[in-house]
Amino acid sequence: MTAAFVLGINMSVAGIFAVAFAVVAVTNRLARGAWWLALGCGMGIVNVGLEFLLRQQSDPVPVSIALFLVFLSALSFALIGVARHYRAEPPWTAMTAIWILTVLLVPAIFSMPYGSLPRLALYQLPYFAMQALFGIMIWRSRRRQPLDLLLVALQAISATIYLLKPLFAMMVGTARTPQDYMETTYAAISQSGSVVVLMATGLVMLLVIMRDTTAEMIARSETDPLSGVLNRRGFERHAEVALARGEGDAVLIAADLDHFKQINDSFGHAAGDGVIAHFAAMLTEAAPPEAIVGRVGGEEFAVLLPAALLSDGRLYAEAVRAAFATAQLPVLGVDRRFTASFGVAQLVPPEQLSDLLHRADTALYRAKAGGRNQVRVALADLPSIAVSGVAKRREAV
């Protein structure tokens, strides 16, 4: 009766998580893999139902085989769901190999004496292998936040439990027939351990989905949909975080497309949007990995280069300016060249991002006033001490 009670709890827990993951899948399109996780939990419910059905069978073999394969199916669906969430390709080759081996082992397993160590070991082997794939796949995703590490640890615990179950069964004893399984102490303890691990894994996976969905929503709210770079709010937040780290020098480049109103008036707003998208792509492609690129106005952009000198910022701006001025951008039938102007300013502690943006904008205005399609540096706006410091760094180099 105790094992039957625990199995009832397992069924309820699996049902709760199946509904929870299904609701997440319906209400949140960003939750990749939630439907697969719901299906895996649903197969868990079927598995528990088969455990109760097994007690009433005169010939336990068909239901026993169904139990064996249904639970492996539940693990397989859950693994696909976790892989989808982590944006990884499910380990199809390994999963296929496990399934082929399992099917080939079915005749051998169910011809062995019930409760024997070889049968118990072979029975748990596919579960161990499939569960181990969970942890390996998550680890290879290179996500190492606390929840991810906790999820890997839970998969390792689950895999270890499957590996140790045959030894544990030998220690406490098991049933003589499959129909008597739920009457044993081994069944009660085994199912109790399973429900604890199931609840822990389900809760952690829900937390992981909530965490990643929230992060993705924030990223989307901070991304300009036209250019694909950060919008003004996103740029300012990420730039302030980078400056707060205090990693030393930093350079900000302000950029503005020349005569953009004429582009819209002459060729239409769709063409103007295309030019903005191409320019943003050039800014991003030329920038180092740690750079922060944002569209801070209609045709205005800003790029923060952490741990960079004024000379680095000028070289970057000149490279983008030259590439953009010579690029052929046939946007919606418009076949002509476009230009942009740039202003470059270096961080002078303890100034804030707003001060740095202001000085870069001032240099940009000079580039505009000087004829456009050029780069100007904000040296004239630096305090005399800061100018001296920049000169000394150049001499040292």
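Located above this text is the structure these notes cover.
This write-up is about the structure you can find in this document. These numbers were taken from a predicted model, which means no experiment stands behind them.

**Concerning the nonpolar core**
Here's step 1: Counting 43 residues, the largest nonpolar core has Phe21, Val82, Tyr86, Met130 and Met205 as its most contacted members.
Here's step 2: Contributions of two or more residues to this core are made by helix H1 (2-27), helix H2 (34-54), helix H3 (61-85), helix H4 (92-109), helix H5 (117-140), helix H6 (146-172) and helix H7 (185-221).
Here's step 3: Here this core gets eight residues from one element, more than from any other, and that element is H3.
Here's step 4: If we ignore the near neighbours within four places in the chain, the residues touching Val82 are Leu37, Phe134, Met137, Ile138 and Met205.

**Some thoughts on empty space enclosed by the protein**
Here's step 1: Applying the stated rule across the entire model yields one cavity of 30 Å³ or more.
Here's step 2: Approximately 1100 Å³ is the volume attributed to the largest cavity.
Here's step 3: Around the largest cavity, the lining comprises 50 residues; the ones closest to its centre are Asn47, Phe71, Tyr162, Lys165 and Ser194.
Here's step 4: Residues that form the lining of the largest cavity fall into these classes: 30 nonpolar, 17 polar and three charged.

**Structural notes on the packing of aromatic side chains**
Here's step 1: Taken as a whole, this structure holds 14 aromatic pairs when the rule is applied.
Here's step 2: Aromatic side chains Phe279 and Phe301 sit 5.3 Å apart centroid to centroid with 75° between the ring planes, which places their arrangement in the edge-to-face category. One end of the pair, Phe279, is in helix H10 (residues 269-286); the other, Phe301, is in strand E3 (residues 300-306), and 22 residues separate them in sequence.
Here's step 3: With relative accessibility at 1%, the residue Phe301 sits in the buried group.

**Some points on the pattern of salt bridges**
Here's step 1: The tally for this structure, following the rule as stated, stands at 15 salt bridges.
Here's step 2: We note a salt bridge from Arg220 to Glu216, for which the minimum N-O separation is 3.6 Å. Here Glu216 and Arg220 lie together in helix H7, a separation of four residues that amounts to about one turn.

**Quick word on the packing of H3 against H4**
Here's step 1: One can describe the packing of H3 onto H4 by two numbers: an axis separation of 11 Å at closest approach and a directional angle of 175°. Taken together, the axes of H3 and H4 are roughly antiparallel relative to one another. Residues Ile65, Phe68, Leu69, Leu72, Ser73, Ser76, Leu79, Ile80 and Arg84 of H3 touch H4, and the partners they reach there are Trp92, Met95, Trp99, Thr102, Val106 and Ile109.
Here's step 2: Grouping the amino acids of the contact of H3 with H4 by side-chain chemistry returns eleven nonpolar, three polar and one charged.

**Brief notes about the pairing of strand E1 (residues 250-257)**
Here's step 1: The element E1 is extensively covered by neighbouring structure, given that eight of its eight residues are classed as buried.
Here's step 2: Across the two faces of E1 the burial is the same, with Ala250, Leu252, Ala254 and Asp256 and Val251, Ile253, Ala255 and Leu257 all buried.
Here's step 3: In this sheet, strand E4 (residues 340-346) lies alongside E1 in antiparallel orientation, the contact comprising seven bridges. Within the sheet, the bridge partner assigned to Asp256 lies in E4 and is Ser341.

**A few points about the sheet that holds E3**
Here's step 1: Here five strands make up an open sheet; going across it, the order is E2-E3-E1-E4-E5 and the pairing mixed. Since the sheet does not close on itself, it has two edges, and those belong to strand E2 (292-295) and strand E5 (375-377), each with one partner. Ignoring strand direction, the axes of neighbouring strands in this sheet form an average angle of 15°.
Here's step 2: When E1 meets E3, the two strands line up antiparallel, connected through seven bridges. Residue Asp256 lies in a different strand from E3, and its bridge partner there is Glu300.
Here's step 3: The strands touched by H10 are E1, E2, E3 and E4; relative to E3, the strand with the most contacts, the crossing angle is about 10°.

**Let's talk about H2**
Here's step 1: Between the first and last C-alpha of H2 there are 30 Å, a value that for 21 residues agrees with the 30 Å anticipated at 1.5 Å per step.
Here's step 2: Among the residues of H2, those classed as buried are Ala34, Leu37, Ala38, Gly40, Cys41, Met43, Gly44, Asn47, Val48, Leu50, Glu51 and Leu54.

**Structural notes on the side chain of Asp256**
Here's step 1: Along the chain, Asp256 falls in strand E1.
Here's step 2: Accessibility expressed as a relative area gives 8% for Asp256, which makes it buried.
Here's step 3: One polar contact links Asp256 to Lys368, side chain to side chain, over a distance of 2.7 Å.
Here's step 4: Ignoring any residue separated from it by four or fewer positions in sequence, one finds Asp256 in contact with Glu299, Glu300, Ala340, Ser341, Leu364 and Lys368.

**Things to note about unusual backbone geometry**
Here's step 1: The peptide bond linking Pro349 to Pro350 adopts the cis configuration, its omega dihedral lying at 10°.
Here's step 2: With respect to the element layout, Pro350 can be found in the loop between E4 and helix H12 (353-369).
Here's step 3: One non-glycine residue, Arg87, adopts positive backbone phi at about 55°.
Here's step 4: With respect to the helices and strands, Arg87 occurs in the loop between H3 and H4.

The rules behind the values
Residues numbered from 1 in each chain as written. Predicted model: local features only at pLDDT ≥ 70, side-chain atom pairs only at ≥ 80, totals over all residues. Heavy atoms only, no water. Core = buried A, V, L, I, M, F, W, Y, C linked by side-chain atoms within 4.5 Å. Buried < 20%, exposed > 50% of the residue type's maximum accessible area, 1.4 Å probe, protein only. Helix = DSSP H or I, 4+ residues; strand = E, 2+ residues; numbered from the N terminus. Contact = heavy atoms within 4.5 Å. 1 Å grid on protein atoms, 1.4 Å probe; cavity = no way out; pocket = protein on both sides within 12 Å on 5 of 7 lines; lining within 4 Å. Points joined across faces, edges and corners; volume = space filled by probe spheres on them. Nonpolar A, V, L, I, M, F, W, Y, C, P; charged D, E, K, R; others polar. Phe/Tyr/Trp six-rings, centres within 6.5 Å; stacked < 30°, edge-to-face > 60°. Salt bridge = Lys/Arg side-chain N within 4 Å of Asp/Glu carboxyl O. Axes fitted to C-alpha atoms, helices over the stretch in contact; angles between N-to-C directions. Parallel < 35°, antiparallel > 145°, perpendicular 65-115°, else oblique. Pairing = 2+ DSSP bridges. Expected span 1.5 Å × (residues − 1). Polar contact = N/O pair within 3.5 Å; in protein donor to acceptor, adjacent residues only side chain to side chain.

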